[in-house]
Amino acid sequence: MTTTAAPGAPGAPGAPGAPGAPARPADPSPSPAVGNPRRRARRTTAYVGAVGLGLLLVVLLALTAQRPGQPLDPDGPGPEGAMALAEVLRDEGVEVEVVRSIGALEASDPERATTVLVGDPANLGPGASERLGAATQTAGRLVLVGVGSEQLRLLGMPVAAFAGGGDDLVAACSSDVARESDVVSAADTRYLVEDGARGVSTCFSLPDPESTTGEPAPDGAYGAALVELERTATRPQTLVVGFGPAWTNERVTDDSHAGTAVRALGSTPRLVWYQPGSGDLTAPGSGGEQEASASVWPAWTMPATVLLGVAVLALALARGRRLGRLVREPLPVVVRAIETTESRGRLYRRAGDRGRAAAVLRAGSAERLARRLAVPRGAAPMALWQAVSAASGRPPVEVADLLAGPPPPDDTALIHLAQQLTDLEERVRHP
């Protein structure tokens, strides 16, 4: 008499790890009670991360907007800014008003008690230069820092600008801006006065080209770093300054930089600090028409843009056209589903792996029986055996032996097991 171990006991048929027992993969999907909180936590983390990244970008943009990077910007705390100079002037009682467009400068209505400073002329276009001269006719003083020859011509100044300067320039003149012994060491532009110009004086002259290794200027002149022009009927008293870097936060405390800056900008109770914006590059002149040279785009920009747009449109039409309805094509070879099963069986037979073959047969029968008897997935094997026993009329021990017994010792036993499993499924299907 053959004794069968109790189902579920160690070493018993169907027990985990028993030889020949079918390996049932664990259900990878988490239960709703576990999965939902995890998914909610992941979504919450993603939302918080997105919101945090957005806030960080907003803060960075705000900080960037609050820290201008133009040279001599009165709100710029960086090395090239001029916040230190602006604060010193305010401490001295000067009302510092910052404007960033030629329209705002015109609206400020500079009068005799006002000094107008052009801190960074990089964005001062031809139209804005012309309007600057008209807007400052009634001002007390106009201070131009680092302006170029074209801008000076449009302002009607008999002065030309050239690149280059010298180190430790001594004023060697006396005026209400410079003292005889003042020294500046950050000049980057030199200016030459036209022959025959009246009411013009120069300070901080550069060395003679014959005594220096610097690049000589035209006509043998080497220029000066400060030009003072007297008031006329068409312009206010004007200072053309070539040592703008000396007034920055980084250099204003060196040599005589602070003294020249305060004397040049603090002689009137009001200072309009004009920092031309990007819109002033193409601002129209006083006649309402913009000069052709003020355009920041080359002449071929518009044709190239039109051509690029046509090319993109043609590409979109070519790539986005409909290719027609789907056509069903016959397969060159039709493979029956049974052939896969037969091929796998022949492989098992050739390898002599009867245990693996029996495990596959039992796993398939158990899955079909559980589906037919509505036994939930993941239920204990005992629940399935009892359900099959009740439906087929066979004892639970026999059902357990068929579904989770030892591997067959030979091919005859394997064939007999397959027949018994088929008979068991038929009994459940037709009780």
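Structure: above.
Residues numbered from 1 in each chain as written. Predicted model: local features only at pLDDT ≥ 70, side-chain atom pairs only at ≥ 80, totals over all residues. Heavy atoms only, no water.

K.L.:
Whenever I open this one, the state of the cysteines confuses me. Can you help?
P.N.:
Here, disulfide denotes a covalent bond that connects the sulfur atoms of two cysteines. Using the criterion set out here, one finds one disulfide in the structure. The partner cysteine of Cys173 in its disulfide is Cys203, sulfur to sulfur 1.7 Å. Taking the sign of the torsion about the S-S bond as the criterion, the disulfide between Cys173 and Cys203, at about 110°, is right-handed. Of this pair, Cys173 sits in the loop between β5 (169-170) and β6 (183-184) while Cys203 sits in strand β8 (residues 200-205); the two residues are 30 residues apart in sequence, bridging distant segments of the chain. Look at Cys173 and you get buried, because its relative accessible area is 11%. (Disulfide = S-S within 2.5 Å. Helix = DSSP H or I, 4+ residues; strand = E, 2+ residues; numbered from the N terminus. Buried < 20%, exposed > 50% of the residue type's maximum accessible area, 1.4 Å probe, protein only.)

K.L.:
Even after reading the chapter, I still don't get a nonpolar patch on the surface, so can you show me in this structure?
P.N.:
On the surface, Leu53, Leu56, Leu57 and Leu60 cluster together to form a nonpolar patch covering roughly 380 Å² of accessible area. Mapped onto the fold, Leu53 is located in helix α1 (residues 32-66). (Patch = residues over 30% accessible without salt bridge, like charges linked within 9 Å, V, L, I, M, F, W, Y side chains within 5 Å. Areas by Shrake-Rupley, 256 points an atom, 1.4 Å probe, with all protein chains shown as cover. Salt bridge = Lys/Arg side-chain N within 4 Å of Asp/Glu carboxyl O.)

K.L.:
What exactly am I supposed to notice about the packing of helix α10 (residues 381-392) against helix α12 (residues 411-429) here?
P.N.:
Packed helices, taken two at a time, are described by the angle their axes make and the gap between the axes. The interhelical angle for the contact between α10 and α12, taken along N-to-C directions, is 70°, at an axis separation of 8 Å. For the element pair α10 / α12, the angle class is roughly perpendicular. Considering only the axes of α10 and α12, their crossing is left-handed. Facing α10, whose interface residues are Val388, Ala391 and Ser392, α12 presents Leu424, Arg427 and Val428. The residue makeup of the contact of α10 with α12, split by class, is four nonpolar, one polar and one charged. (Axes fitted to C-alpha atoms, helices over the stretch in contact; angles between N-to-C directions. Parallel < 35°, antiparallel > 145°, perpendicular 65-115°, else oblique. Left-handed = near helix turned anticlockwise from the far one by under 90°. Contact = heavy atoms within 4.5 Å. Nonpolar A, V, L, I, M, F, W, Y, C, P; charged D, E, K, R; others polar.)

K.L.:
Would you take a moment to explain the pairing of strand β2 (residues 114-118) for this structure?
P.N.:
Counting buried positions along β2 yields five of five residues, so the element is predominantly enclosed. On β2, burial covers both faces: Thr114, Val116 and Val118 on one face and Thr115 and Leu117 on the other are all buried. Sheet analysis places β2 next to strand β11 (residues 270-274), joined by five bridges and oriented parallel. In the strand pairing of β11, Thr114 is matched with Arg270. With respect to chirality, the unit in which β2 leads through helix α4 (residues 126-135) into the neighbouring parallel strand β3 (residues 141-145) is right-handed. (Pairing = 2+ DSSP bridges. Right-handed = clockwise from strand over helix to strand, strands pointing away.)

K.L.:
How should I be thinking about the environment of Leu347 in this particular structure?
P.N.:
Turning to its location among the elements, Leu347 is positioned in helix α8 (residues 337-351). Separated by 10 residues in the primary sequence, Leu347 and Ala357 have C-alpha atoms spaced 9.9 Å apart.

K.L.:
Help me out: how do you make sense of α10 in this one?
P.N.:
Residues three or four positions apart in an α-helix share a direction because the helix packs 3.6 residues into each turn. Taking 1.5 Å per residue as the helical rise, α10 with its 12 residues ought to reach 16 Å, and the 16 Å between its terminal C-alpha atoms agrees with that figure. All of the buried residues in α10 are Leu384, Trp385, Val388, Ser389 and Ser392. One side of α10 holds all its buried residues, which, seen down the axis, span an arc of 135°. Contact partners of the buried residues in α10: α9 (354-372), α11 (396-404) and α12. (Expected span 1.5 Å × (residues − 1). Arc of directions from axis to C-beta.)

K.L.:
Please explain the packing of aromatic side chains as it appears in this structure.
P.N.:
The geometry of two aromatic rings is summed up by the distance between their centres and the angle between their planes. A complete count under the given rule lists two aromatic pairs for this structure. Each member of the aromatic cluster is reached from another via a ring pair, and the members are Phe204, Phe243 and Trp247. (Phe/Tyr/Trp six-rings, centres within 6.5 Å; stacked < 30°, edge-to-face > 60°.)

These values are about where atoms sit, not about what they do.
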